[in-house]
Amino acid sequence: ILLSILSGSAPPAPQVTASLTPSGPAEDMPAVHRLVLPADIRHLSTLRVFIGNMIRLCGDVSPEESFAIGFTAEDAVVNSIQHGYGGAPGGTVAVEILPGADEISISVSDTGCGFHFDPARIPQFLSEEELYRSNGRGLYMMFRLMDNVDVMSRVSEGTPVKLFKHLGRNTHGA
């Protein structure tokens, strides 16, 4: 299935394309669903609908798990737009989701500028100084809400972020 959605007013906004394709030839294999968006925050509503549909494919997902998944996936996309491309037009962000009955796996990737990722530098927001930092909350929340987060950024090559959540149990307070 190929969906094309034009959004925005004058001037014409970029085209958003979503393709849903199985990950392998076997009929019983789970399908990886892929959404490619222009690196533009005007397309976040399309992302939210896509994520919501993927969460529904998982079955009985608690509101807390649904929030954790939606929040972290959207934040990873916003980080790609703001930090990977610096808000400059022309880039894309790819989101791949593998929904399952007891887990969900999400990959968000861009080909932006990348960065030197050091997990030890993620603030924990325990001190007054950290509490009022202007950045770092998104990564902090990703690591708190998801069961596994893998950031594989490379300077000048982009940043793939993999998010994983077991469903049906409250891990990390979510």
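No experiment lies behind these values; they were computed from the predicted model shown.

Structural notes on the pairing of strand β7 (residues 160-166)
Only one face of β7 is covered, namely the face carrying Val161, Leu163 and Lys165; the face carrying Pro160, Lys162, Phe164 and His166 is uncovered. The pairing of strand β5 (residues 103-110) with β7 spans seven bridges and is classified as antiparallel. Residue pairing for β7: Ile106 is matched across the bridge by Leu163. Taken together, the four bridges between strand β6 (residues 148-151) and β7 define a ladder with antiparallel strand orientation. Counterpart to Asp150 in the pairing with β7 is Lys162.

As for helix α1 (residues 44-57)
When the terminal C-alpha atoms of α1 are compared, their 20 Å separation across 14 residues agrees well with the 20 Å that a helix rising 1.5 Å per residue should span. Residues of α1 that are buried: Leu44, Thr46, Leu47, Phe50, Ile51, Gly52, Met54 and Ile55.

Here's the deal with the pattern of salt bridges
For the structure on display, the rule yields three salt bridges. Note that Glu96 and Arg34 form a salt bridge whose closest N and O atoms lie 2.6 Å from each other. In this pair, Glu96 is assigned in strand β4 (residues 92-99) and Arg34 in strand β3 (residues 31-38), connecting sequence segments 62 residues apart. Overall, the relative accessible area of 30% leaves Glu96 in the partly exposed class. Residue class for Arg34 comes out partly exposed when judged on its relative accessible area of 30%. A salt bridge links Glu74 to Arg48; the nearest nitrogen and oxygen atoms lie 2.9 Å apart. Note that Glu74 is positioned in helix α2 (residues 63-84) and Arg48 in helix α1, a separation of 26 residues in sequence. Classification of Glu74 as buried rests on a relative accessible area of 19%. Accessibility expressed as a relative area gives 44% for Arg48, which makes it partly exposed.

Structural notes on unusual backbone geometry
A positive phi angle, near 55°, is found at Phe125, a position not held by glycine. Examined against the element boundaries, Phe125 turns out to sit in the loop between β5 and α3 (128-131). Accessibility expressed as a relative area gives 16% for Phe125, which makes it buried. Phi at Ser156 is positive, roughly 70°, even though this residue is not glycine. Along the chain, Ser156 turns up in the loop between β6 and β7. The exposed category is assigned to Ser156, whose relative accessible area is 62%.

Things to note about the side chain of Ser80
Tracing the backbone shows Ser80 in helix α2. Of the residues examined, Ser80 reaches a relative accessible area of 5% and is grouped as buried. The residues contacting Ser80, other than those within four sequence positions of it, are Tyr85, Val93, Val108 and Asp110.

Thoughts on the packing of α2 against helix α4 (residues 137-145)
Here α2 crosses α4 at 145°, and the two axes come no closer than 10 Å. Of the two possible hands of crossing, α2 and α4 adopt the one that is left-handed. Seen from α2, the contacting residues are Phe67, Ala68, Phe71, Thr72, Asp75, Ala76 and Asn79; seen from α4, they are Gly138, Leu139, Met141, Met142 and Leu145. Residues belonging to the contact of α2 with α4 are distributed by class as follows: eight nonpolar, three polar and one charged.

The rules behind these values
Residues numbered from 1 in each chain as written. Predicted model: local features only at pLDDT ≥ 70, side-chain atom pairs only at ≥ 80, totals over all residues. Heavy atoms only, no water. Buried < 20%, exposed > 50% of the residue type's maximum accessible area, 1.4 Å probe, protein only. Helix = DSSP H or I, 4+ residues; strand = E, 2+ residues; numbered from the N terminus. Pairing = 2+ DSSP bridges. Expected span 1.5 Å × (residues − 1). Salt bridge = Lys/Arg side-chain N within 4 Å of Asp/Glu carboxyl O. Contact = heavy atoms within 4.5 Å. Axes fitted to C-alpha atoms, helices over the stretch in contact; angles between N-to-C directions. Left-handed = near helix turned anticlockwise from the far one by under 90°. Nonpolar A, V, L, I, M, F, W, Y, C, P; charged D, E, K, R; others polar.

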